Each structure stands twice: as structure tokens, then as C-alpha cells.
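Chain by chain, the residues run as shown.
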Amino acid sequence: MGDSAAKTFDVIIIGGGAAGLFCAIAAGRRGRRVLVIEHNAEVGRKIVISGGGRCNFTNLNTTAENFVSSNPHFARSALARYTPADFVELVKRHRIEYYEKKLGQLFCRGRSHEIVEMLLAECRTSRVEILTDTSVERIEKGKSFAVHTSRGTFESEALVIATGGPSFPKIGATGFGYGVARQFGLAIEETRPSLVPLVFSGANEFRGLAGISIDAEVTAGSHSFRENILFTHRGLSGPAILQASNYWQPGGEVEFDLLPARDISKAINENRRSRQRLDNFLKGFLPERFVEIFAAGRLPQKPLNELSNHDIEMIEAELHRWRRAFTETEGWDKAEVTLGGVSTRELSSQTMEAKKVPGLYFIGEVVDVTGWLGGYNFQWAWASGHAAGTAV
Ligand SMILES: Cc1cc2nc3c(=O)[nH]c(=O)nc-3n(C[C@H](O)[C@H](O)[C@H](O)COP(=O)(O)OP(=O)(O)OC[C@H]3O[C@@H](n4cnc5c(N)ncnc54)[C@H](O)[C@@H]3O)c2cc1C
């Protein structure tokens, strides 16, 4: 501490991703002298690859109910003070074209780069200094924070940790923020990959179906999502599975309604005199190859006119309430987000400041607040970044 060569700022932000840059902009606008430290060669790498290259930058329908956290109320305050409409206004001001894909999800019409360029332009206006290719070696706290890096030591009264979670290690994502939390004695809610494909437990009889998708309603815990599921070589992916992965418990089962738009008992009863075999009948509703594998060993191999009421109840259960267990996820390399993180009990929901460590802030994905698929995670990054940026 007290390094006479150290350069001093009001605020140092570690991590130049969505939350870090947004916090920098809000603090810089207030005249604070801000330094952002990023270990990658450029900031915002995850923004660039997000949304399939078109960045699903917010969701118009964002509420605290779209987030998973040990404290479901924690996100409310920040989300209320910086809303999707606020971000849309910024996007419009920078003349970035966007469109609503579905369910309130706003995407860039061009490329995600435009969002990074917008954030960098705002950083320039707010006189934010950004150091890329810089790794943090050590953090010390005396009267102020001293951040020792590969480019020397920097000091500040406020230190913001915006290093995200470990999902997608190949783009420089790390668990660095959890180390800082531990250093200062803050609790961490157990982390695991989420918004991630799941791996079937036991033998995968559906291996040959990789690439086939089905419109389904998927239920994990108390939450249901109606979108596509997609067969992979090891299990299932697709938007409905990614959503369910936020609520699935490791080793646990997920329930599927494979015909959410139909009443299969009614459809069979309307054709009760038909000699058509059940599997051929079902091929009218579901992909052929799926029916061939699914029906074998699960459904009666009979024509419709020979099905008993008991058979129909069984078919109804298999198709509308099919349950399948999954052992694990496809891991950090395939996960869009991290479930868990720095415990919200440790932070002020107004400012994101650690209650035990004045001047230390955690924002974005490093915090135990995880959004659904569909632009919610960026909205949390903007909102939590803004909350801290107006307080530091
Ligand atoms: C492939 C993919 C697609 C996604 N698409 C969407 C989408 O369309 N919509 C949506 O809402 N969400 C999406 N997400 C999730 C979203 O990108 C994240 O939730 C969001 O970026 C989190 O913001 P953050 O600033 O907290 O973390 P990040 O954006 O991950 O930023 C953290 C920054 O800290 C840097 N860093 C890490 N460790 C250190 C260190 N030790 N020293 C210095 N710097 C460090 C990282 O390099 C990074 O730049 C996607 C995620 C992935 C992986």
C-alpha cells in the first residue's frame, strides 16, 4: 500500500464486459475518474459473440421473476432504476438498428459489435480510461484499494468487480471475482454452468436423433417453458432445455409435454375404430425417427382399434408427462451463464456495495443473479452496472 508510483483513480473496475463498461459510463458521467482493467486484448468479447453475433441486448418484459437467485427480491431495485426502455433509448441515440425477435427479445439488426462500439463511445465521452491486456496480480486494502497489475499499481477509493463468471473459458472468462470475494470474507453461493445443454443419464437411445427438434413444454422445478427441444449426441439442448437448466437440479428429472398443443387421448378416441398402428398414427404429430425410437418399449405396438382405456392412459402419460433424468450439463464451454456467485446477502441491492467492505462492489454475472435466456442477463449487467456506477 501507499505505493508512491501508483496512479490514483476514484473508481477502478476490474472486467471490461457488459456490466463493467456500463458502470464505468455511469460513474464517468458523474465526473468520477474511472479506470477499467481488462485482461483480454479487447473489451466486450462476450458481447461480440452473444445472441449468435447479433446480441440480444435486452428483454422488454424484464421483471425480477425472470431471474434465479437465493434471494429472488434482490434484483428488483436495480432493475426498476435502469429499465429495458432506458437501454433502448441509448441504442436509439446511437442509431443502432434493432428488432424484436420474439417474446420481448431485442436483437441488433446488424452485428453485436455495434453495442461494443456504443459502449466505447460512451466511455470516451465520460473520459473513462481502459487498460486492456492487463492482468491483476494482487489486491490490497488499506485506506484505499491498491490493485497490483502487470502494468503497475493503481489505487482507488472504490473497487468494482465485474469479471463475470467462468462460462466460456476460451474467451477469457474466469472465476476471478469469487477469489476476490473470498479474500474479503464474502460468502459465495455454489456455482454451476447454466443456460446449458443437459446430458441424459444412462444409455442414450436417442443418439441417432442429433439435430432433430420438437416443440415441447419442459418443466424443471416449478417452472415450465414452451419452446423447442433439440436432440444432441449426448442429451438435449434447444431454448426450452436451456431455460429449464436454470431450475434443474444435478441428477434430477425434467418433465416433457411432447404434444403441448394437443390432447392425445382425444385424438386417439376420435380414431378408435382405425386399424392404423399407434406409432404410424403418432408420426402425424411428431418426427418419424423420434416416434420409432420413443415408441419402442414405451408404447403399445397395437392398432388404434385394439387400444384399451388403460393403454390410452399410459400413452397420455408418456407423451404429455414424459420424465427423463439428466446426470450433468455440457459444462462451462457450452454454458451461456453461471448459476450462483457472490451471495446477495453480502451486497446492498441499491448500490451493489459489499456490506462488510465499504468501497468494494460486485456487479453483473459474478453476483448470484442469473437471468433466463432472452436478453435478461444483459439487462441485469446494465442495471447492476448502473446501480453501482451511480453510487461509487
Ligand atoms: C455465447 C454466449 C452468448 C450469450 N448471449 C447472450 C444474449 O444474447 N443476451 C443476454 O442477455 N445474455 C447473453 N449471454 C450472457 C451474457 O453475455 C452475460 O451474462 C453478460 O455478458 C455478463 O456480463 P458481465 O459484464 O458480468 O460479464 P462478462 O461480459 O463476462 O465480462 C467480464 C469481463 O471481465 C474480464 N475478466 C475476467 N477475469 C478477469 C481478470 N482476472 N482480470 C481482468 N479482466 C477479467 C473478461 O475478459 C470480460 O471481458 C451470452 C453468453 C454467452 C457465453
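So, how was this worked out
- Residues numbered from 1 in each chain as written.
- Predicted model: local features only at pLDDT ≥ 70, side-chain atom pairs only at ≥ 80, totals over all residues.
- Heavy atoms only, no water.
- Helix = DSSP H or I, 4+ residues; strand = E, 2+ residues; numbered from the N terminus.
- Buried < 20%, exposed > 50% of the residue type's maximum accessible area, 1.4 Å probe, protein only.
- Contact = heavy atoms within 4.5 Å.
- Areas by Shrake-Rupley, 256 points an atom, 1.4 Å probe, with all protein chains shown as cover.
- Lys, Arg positive; Asp, Glu negative; His and termini not counted.
- Charge placed at Lys NZ, Arg CZ, Asp CG, Glu CD.
- Domains from an automatic or database assignment.
- Buried area = accessible area lost by both parts, 1.4 Å probe.
- Salt bridge = Lys/Arg side-chain N within 4 Å of Asp/Glu carboxyl O.
- Polar contact = N/O pair within 3.5 Å; in protein donor to acceptor, adjacent residues only side chain to side chain.
- Pairing = 2+ DSSP bridges.
- Axes fitted to C-alpha atoms, helices over the stretch in contact; angles between N-to-C directions.
- Disulfide = S-S within 2.5 Å.
- Near = heavy atom within 4 Å.
- Nonpolar A, V, L, I, M, F, W, Y, C, P; charged D, E, K, R; others polar.
- Right-handed = clockwise from strand over helix to strand, strands pointing away.
- 1 Å grid on protein atoms, 1.4 Å probe; cavity = no way out; pocket = protein on both sides within 12 Å on 5 of 7 lines; lining within 4 Å.
- Points joined across faces, edges and corners; volume = space filled by probe spheres on them.

**Description of the overall build of the protein**
Argument step 1. Looking only at helices and strands, one finds 12 helices and 20 strands in the protein.
Argument step 2. Summarising its shape, the C-alpha atoms of the protein cover approximately 90 × 45 × 35 Å along the three principal directions.
Argument step 3. Relative to its full complement of 392 residues, the protein shows a buried share of 56%.
Argument step 4. Taking the contacts inside the protein whose residues are at least 6 apart along the sequence as the reference set, 73% of them involve residues at least 24 apart.
Argument step 5. In the structure as shown, the protein presents an accessible area of about 16700 Å², 47% of it carried by carbon and sulfur atoms.
Argument step 6. Averaging the positions of the 46 positive and the 45 negative side-chain charges in the protein gives two centres separated by 2 Å.

**Regarding the domain arrangement of the protein**
Argument step 1. For the protein, the domain assignment lists domain 1 (7-193 + 336-389) and domain 2 (198-329).
Argument step 2. Taking the mean C-alpha position of each, domain 1 and domain 2 sit 39 Å from one another.
Argument step 3. Residue-level contacts link 12 residues of domain 1 with 13 residues of domain 2.
Argument step 4. On the domain 1 side of the interface with domain 2, the three residues burying the most area are Arg192, Trp372 and Leu373, jointly 57% of the side's total.
Argument step 5. The interface formed by domain 1 and domain 2 holds 1 salt bridge in total.

**Brief notes about the environment of Ser245**
Argument step 1. Counting through the fold element by element, Ser245 comes out in helix H7 (residues 239-245).
Argument step 2. Assessed through its relative accessible area of 0%, Ser245 is described here as buried.
Argument step 3. A sequence separation of 84 residues divides Ser245 from Thr329, and the C-alpha atoms of the two residues are 8.2 Å apart.
Argument step 4. Other than its neighbours up to four places away in sequence, Ser245 contacts Arg192, Ser194, Leu195, Val196 and Leu198.
Argument step 5. Polar contacts involving the side chain of Ser245 include one to the main-chain amide nitrogen of Val196, which spans 3.1 Å.

**Focus: the sheet that holds strand E6 (residues 105-108)**
Argument step 1. Spatial strand order, E3-E6-E5: 3 strands in an open sheet with antiparallel pairing. One side of each edge strand has no neighbouring strand; the edge strands of this open sheet are strand E3 (56-59) and strand E5 (98-100). Averaged over neighbouring strand pairs, the angle between their axes works out to 25° when direction is ignored.
Argument step 2. Here E3 pairs with E6 via 3 bridges, running antiparallel. Within the sheet, the bridge partner assigned to Asn59 lies in E6 and is Gln105.
Argument step 3. Strand contacts of helix H4 (residues 84-93): E3, E5 and E6, with the helix running at about 140° to E3, the strand carrying the most contacts.

**Observations concerning the state of the cysteines**
Argument step 1. In the structure shown here, the tally under the stated rule is 0 disulfides.
Argument step 2. Cysteine Cys55 shares no disulfide, and the gap to the nearest cysteine sulfur, in Cys108, comes to 5.2 Å.
Argument step 3. Judged by its relative accessible area of 0%, Cys108 falls in the buried class.

**Examining the site of the ligand**
Argument step 1. In the vicinity of the ligand, 32 residues are found, and the nearest of them are Ala19, Glu38, Thr174, Glu365 and Phe378.
Argument step 2. Side-chain polar atom of Glu38 to an oxygen atom of the ligand: 2.5 Å apart, as the coordinates give it.
Argument step 3. One of the side-chain nitrogen or oxygen atoms of Lys46 is found 3.0 Å away from an oxygen atom of the ligand.
Argument step 4. Compared with its free state, where it exposes 990 Å², the ligand has 94% of that area covered by protein.
Argument step 5. Residue assignment for the shell around the ligand shows that the elements contributing at least two residues are helix H1 (18-29), helix H2 (45-49) and helix H12 (376-389).
Argument step 6. In the shell around the ligand, the residues fall into 13 nonpolar, 15 polar and 4 charged.

**Points about the pairing of strand E1 (residues 7-14)**
Argument step 1. Counting buried residues along E1, 6 of its 8 residues qualify, which places the element largely inside the surrounding structure.
Argument step 2. Across 4 bridges, the pairing between E1 and strand E2 (residues 34-37) is parallel. Note that in E2 the partner of Ile14 across the bridge is Ile37.
Argument step 3. The parallel pair E1 and E2, bridged by H1, forms a crossover whose chirality is right-handed.

**What to know about the side chain of Thr232**
Argument step 1. Along the chain, Thr232 falls in the loop between strand E14 (223-231) and strand E15 (235-237).
Argument step 2. Looking at Thr232, the relative accessible area reads 17%, which means it is buried.

**Let's talk about unusual backbone geometry**
Argument step 1. Even without glycine at this site, Cys55 takes up a positive phi of about 45°.
Argument step 2. With respect to the element layout, Cys55 can be found in the loop between H2 and E3.
Argument step 3. Unlike most non-glycine residues, Phe168 shows phi in positive territory, near 70°.
Argument step 4. Here Phe168 is to be found in the loop between strand E10 (152-161) and helix H6 (176-183).

**Side note on the layout of surface pockets**
Argument step 1. Counted as a void, the second largest pocket has a volume near 210 Å³.
Argument step 2. Mapped by element, the contributors of at least two residues to the lining of the second largest pocket are strand E11 (188-194) and strand E18 (337-342).
Argument step 3. If you tally residues by element for the lining of the second largest pocket, the top one is E11, at 4 residues.
Argument step 4. Among the residues forming the lining of the second largest pocket, the class breakdown is 4 nonpolar, 6 polar and 4 charged.
Argument step 5. Split by domain, the residues of the lining of the second largest pocket number at least three in each of domain 1 (7-193 + 336-389) and domain 2 (198-329).

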